[in-house]
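Tertiary structure, described
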Amino acid sequence: MNNAVKGFLAGVTAIALVMTPACRSKNTKVKDEQVHVQPDTAPTVTIPPHDTAERVQPSEDFVKPSAEPTVTADVLPSNTEELNRYLQDKGLIRDAFFVYADATLSSDAQAALTTSASWLKSNSKYNLLVEGHCDERGTEQYNLALGDKRAQQAKDYLVASGVDASRIRTVSYGEERPFDPGHDEGAWKQNRRAHLVLVGK
Amino acid sequence: MKRSLIAVALAFIAATLAAQSQIITTVDPEQAAKVMKIAIPFPELTPPASSANAAPVASEVIHAPFYSVLTRDIAASGVFAIAPIPPNVPASTNLAKQIGADFALKMTVWTERNAQTNADDIVVEARLFDTTGGQPFGKRYRGVVASLSLMAHSLTTDIVRAIYGKPGIFLSRIAFASDRTGNWEIWLMDWDGQNQRQITQHGALSILPSWAPDNERMVYTSFARGTSDMYIVNRRGGGRIRVPTNLALNTSATFSPVGNDIAFVGSVNGNPDIYLIKDDGTNVRRLTTSATIESTPEWSPNGRQISFTSGRSGTPQIYVMDAEGTNVRRISFEGEWNDDAAWSPDGEQLAYTSRVNGRFQIRIMNLVNGQSRIIAGEGSNEQPAWSPDGRWIAFQSNRSGKWQLYRMRIDGNDIQQLTSSGENKEPDWSKKIE
């Protein structure tokens with residue numbers, strides 16, 4: 001949960017950082033020249049400095065009016081991290097866990113989500129981010145898609161349990177953000193989940 | 001004075017011989033019969049008398065960044081084998097004949113004051129001699145000290161083109177993701193793993209870079225806004241734009257080799273499918289419609305087909321469809337998890353990640369006859385990327401205990417580790433040779 005909040009803040013910071021003026025970008029391609037040379041009349045090719053020598057700043061982010069959900073950092077309560085930890089510790093908000101290579105909700109996962117839905121329904125001032133996570137035993141690209149399916153399965157269940165769909169956003173981290181860095185079934189089990197994070201409203 | 005010059009000269013020779021004894025000259029089996037021997041003595045360091053403002057350069061300035069880079073390129077070229085040379089014999093037709101080589105490469109290196117920058121440029125004059133007294137190649141290169149390796153790659157690319165007809169790939173580059181700064185960001189390196197430089201500065205998970213066919217831009221996925229978004233950036237880190245799709249995921253994005261379309265994985269309501277979008281963010285088209293997971297699109301080199309991974313059979317397998325989304329057929333049948341397909345530049349082979357006995361390995365499938373072979377290695381080996389000449393594959397392996405990038409010939413030989421700082425993954429080799 002901490003990672004998600006940090007991710008938002010880092011994202012907002014990153015966008016702010018790139019709001020700097022664009023600089024020129026010079027072409028550093030080496031020009032082709034003739035091949036056969038006579039002594040002292042050889043054609044000279046100027047090799048410009050390496051790319052790193054003239055790295056330019058990223059230009060302004062491309063922001064287009066769109067229907068994409070935007071989350072701003074300034075409305076996040078300062079104690080969101082603590083609140084998430086507290087609710088998870090108390091079992092009021094519970095993550096859904098999955099079997100290997102699958103996005104189907106088990107009865108345990110459904111029970112966890114039912115519990116979470118009842119808290120969310122009685123605390124409507126919070127929105128929810130559902131993160132889809134996978135263990136490391138798959139491939140990265142496919143697991144990003146699998147994590148999306150897991151997050152959506154959890155969201156669909158919460159909505160069916162009465163939580164307003166507009167309060168829930170999903171994101172997939174695939175196998176990029178494991179909860180347990182280990183390489184055994186104990187770790188993998190922890191890492192196959194839909195992780196529920198309150199994000200304020 | 002004279003004695004010190006001799007000492008310096010001896011030091012050169014020792015360094016030269018030491019450098020050459022470390023070079024393992026390797027060639028493609030198919031090329032072996034055609035490989036030509038080339039003698040490459042250390043460059044001469046006496047400036048030509050006719051050059052104004054010229055001064056000698058110290059051998060140690062050019063040894064690692066120029067001479068070592070150059071001899072490694074030539075040794076890996078598959079066109080030349082480096083011939084052992086006697087000490088202290090200048091490169092010439094006579095030297096080539098004396099040692100039974102086909103060519104001798106004479107190089108002279110000096111510094112020259114650049115009136116515009118008021119700094120010392122390095123000048124390299126290269127002449128290739130054959131055994132008939134002919135000079136099939138000659139050229140001068142000029143640049144600052146920091147561009148010495150680029151000068152070496154330029155020279156080796158030119159020499160291979162002059163003799164072989166096709167340029168070497170030594171100016172190609174490999175994009176990848178690295179977490180060495182504490183966050184996964186997009187990085188870039190030369191083909192030999194040198195000059196690793198950071199391209200993105202999101203300070204947030206940024207992964208899966210893929211080159212545009214012009215070698216100028218890359219498309220990738222970043223979680224900088226808390227969602228996973230598609231971005232395009234040029235190879236110097238500038239010109240960054242976000243490509244809004246109104247879809248989730250926006251992963252595995254890859255430029256069409258022929259137009260301005262980008263194929264990617266988009267998702268609506270938890271249903272990941274293959275989509276196309278123009279690189280200006282318009283004209284989103286959905287290519288697959290199954291309710292299962294579709295991922296990892298990759299264009300065939302002529303842009304007419306797209307390979308992808310689908311779970312529609314119950315496990316992730318490789319499929320190919322026409323670029324309009326029609327004519328879908330399954331390609332992989334062995335292994336219960338296949339992903340990361342990449343087309344060889346001639347379009348005849350697919351390299352992909354295939355689980356064998358519980359570990360991921362690189363598999364190469366011949367699309368003409370349907371035969372495949374595993375290139376087995378220690379650890380898990382994933383995300384193959386072809387070199388633009390189709391002779392090499394870059395990939396990621398955790399054989400060292402961490403994810404690092406490696407390069408090997410397509411027969412699995414000559415494995416070289418390219419990265420070591422932090423963890424590194426998802427290589428993509430620039431598409432054009434130069």
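These numbers were taken from a predicted model, which means no experiment stands behind them.

The next point concerns the pattern of salt bridges. Inspection of every chain in the model, using the stated rule, returns 30 salt bridges over all chains. Residues Glu-125 of chain B and Arg-127 of chain B are paired through a salt bridge, measuring 2.8 Å at the closest nitrogen-oxygen approach. Summarising the burial analysis for this pair, Glu-125 of chain B and Arg-127 of chain B share the class buried. The closest approach of N and O atoms between Glu-216 of chain B and Arg-236 of chain B, which form a salt bridge, is 3.7 Å. Placement of the pair is Glu-216 of chain B in the loop between β10 (206-211) and β11 (217-222) and Arg-236 of chain B in the loop between β12 (229-234) and β13 (241-243), with a sequence separation of 20 residues. By sharing partners, the salt bridges in this structure join Asp-135, Arg-137, Glu-185 and Arg-192 of chain A into a single network.

Next up on the list: unusual backbone geometry. All names here are of chain B. Phi is positive for Asn-195, which is not a glycine, with a value near 55°. Relative to the assigned elements, Asn-195 resides in the loop between β8 (185-190) and β9 (197-198). Given the relative accessible area of 29%, Asn-195 is considered partly exposed. One non-glycine residue with positive phi stands out, namely Asn-357, at about 55°. Relative to the helices and strands, Asn-357 resides in the loop between β23 (349-356) and β24 (359-366).

On to the packing of aromatic side chains. This model, assessed by the stated rule, comprises 13 aromatic pairs over all chains. Both rings, one in Tyr-142 of chain A and one in Trp-337 of chain B, keep their centres 5.4 Å apart while their planes meet at 75°; by these two values the pair is edge-to-face. One end of the pair, Tyr-142 of chain A, is in helix α4 (residues 140-160); the other, Trp-337 of chain B, is in the loop between β21 (329-330) and β22 (338-343), on a second chain. Of the two residues examined, Tyr-142 of chain A and Trp-337 of chain B, each falls in the buried class. With 5.8 Å between their ring centres and 25° between their planes, Phe-308 of chain B and Tyr-319 of chain B make a pair best called stacked. On the criterion of sequence distance, the pair formed by Phe-308 of chain B in strand β19 (residues 305-310) and Tyr-319 of chain B in strand β20 (residues 317-322) is long-range, its members being 11 residues apart. Just as Phe-308 of chain B is buried, Tyr-319 of chain B falls in that class too. Members of the aromatic cluster, joined through ring pairs, are Tyr-100 and Tyr-142 of chain A together with Trp-337 and Phe-360 of chain B. Sitting above the plane of the Trp-187 of chain B ring, Arg-180 of chain B keeps its charged end 4.3 Å from the centroid.

In space, the 4 strands of this open sheet follow the order β14-β15-β16-β17 (chain B), with antiparallel pairing throughout. Looking along the sheet, the strands with just one partner apiece sit at the ends: β14 (248-255) and β17 (285-286) of chain B. Running over the sheet, α4 of chain A touches β14, β15 (261-268) and β16 (271-278) of chain B and is turned about 155° from β14 of chain B.

This paragraph deals with the pairing of β23 of chain B. Residue and element names in this part refer to chain B. Counting buried positions over the 8 residues of β23 gives 7, a clear majority of the element. Hairpin connection, β22 to β23: the antiparallel pair is bridged by 5 residues, and Gly-347 has positive phi, about 75°. Relative to β24, β23 runs antiparallel, the two being bridged by 8 bridges. Its bridge partner lying in β24, Val-356 is registered against Arg-359.

What follows covers the packing of helix α2 (residues 59-76) of chain B against helix α4 (residues 148-164) of chain B. Residues and elements named next belong to chain B. α4 packs onto α2 with a crossing angle of 30° between their chain directions and a minimal axis gap of 8 Å. Between α2 and α4, the crossing angle belongs to the class labelled roughly parallel. As for the relative orientation of α2 and α4, their crossing is right-handed in sense. Residues Val-61, Ile-62, Pro-65, Phe-66, Val-69, Leu-70, Asp-73 and Ile-74 of α2 form the contact with α4, whose own contacting residues are Leu-148, Ser-149, Met-151, Ala-152, His-153, Leu-155 and Thr-156. Tallied by class, residues from the contact of α2 with α4 come to 11 nonpolar, 3 polar and 1 charged.

Residue and element names in this part refer to chain A. Among the residues of helix α2 (residues 80-90), those classed as buried are Thr-80, Leu-83, Asn-84 and Leu-87. Seen from one end, α2 has its buried residues packed into an arc of 100°, which puts them on one side. Exposed side chains of α2 directed beyond 90 degrees from the buried face belong to Glu-82 and Asp-89. Close packing links the buried residues of α2 with α3 (107-122) and β5 (193-200). Once α2 finishes, Gly-91 follows within two positions and takes phi at roughly 75°, a positive value.

Before going further, it helps to spend a moment on the confidence of the model for chain A. Residues and elements named next belong to chain A. The pLDDT averaged across chain A works out to 76; a share of 61% of its residues lies at or above 70. Residue range residues 11-42 is modelled with pLDDT below 50. Its contacts to residues more than four positions away, or to other chains, number 67 contacts. Here residues 52-77 scores under 50 on pLDDT; set against residues more than four positions off or in separate chains, the count is 64 contacts.

Residue and element names in this part refer to chain B. Ordered by their spatial adjacency, 4 strands build an open sheet running β22-β23-β24-β25, and the pairing between neighbours is antiparallel. Sheet topology places β22 and β25 (372-375) at the edges, where each strand pairs with a single neighbour. In this sheet, adjacent strand axes meet at a mean angle of 30° when their direction is disregarded.

Turning to the side chain of Thr-288 of chain B, a few remarks are in order. All names here are of chain B. Looking at the element boundaries, Thr-288 is found in the loop between β17 and β18 (294-299). Of the residues examined, Thr-288 reaches a relative accessible area of 4% and is grouped as buried. There is a polar contact of 3.0 Å between the side chain of Thr-288 and the backbone nitrogen of Ile-274. Excluding residues within four positions of it along the chain, Thr-288 makes contact with Asp-273, Ile-274, Glu-294, Phe-308, Arg-312 and Met-321.

Thresholds, definitions, all that
Residues numbered from 1 in each chain as written. Chains lettered and ligands numbered in written order. Predicted model: local features only at pLDDT ≥ 70, side-chain atom pairs only at ≥ 80, totals over all residues. Heavy atoms only, no water. Salt bridge = Lys/Arg side-chain N within 4 Å of Asp/Glu carboxyl O. Buried < 20%, exposed > 50% of the residue type's maximum accessible area, 1.4 Å probe, protein only. Helix = DSSP H or I, 4+ residues; strand = E, 2+ residues; numbered from the N terminus. Phe/Tyr/Trp six-rings, centres within 6.5 Å; stacked < 30°, edge-to-face > 60°. Lys NZ or Arg CZ within 6 Å of the ring centre and 35° of its normal. Pairing = 2+ DSSP bridges. Contact = heavy atoms within 4.5 Å. Axes fitted to C-alpha atoms, helices over the stretch in contact; angles between N-to-C directions. Parallel < 35°, antiparallel > 145°, perpendicular 65-115°, else oblique. Left-handed = near helix turned anticlockwise from the far one by under 90°. Nonpolar A, V, L, I, M, F, W, Y, C, P; charged D, E, K, R; others polar. Arc of directions from axis to C-beta. pLDDT = per-residue confidence, 0-100. Polar contact = N/O pair within 3.5 Å; in protein donor to acceptor, adjacent residues only side chain to side chain.

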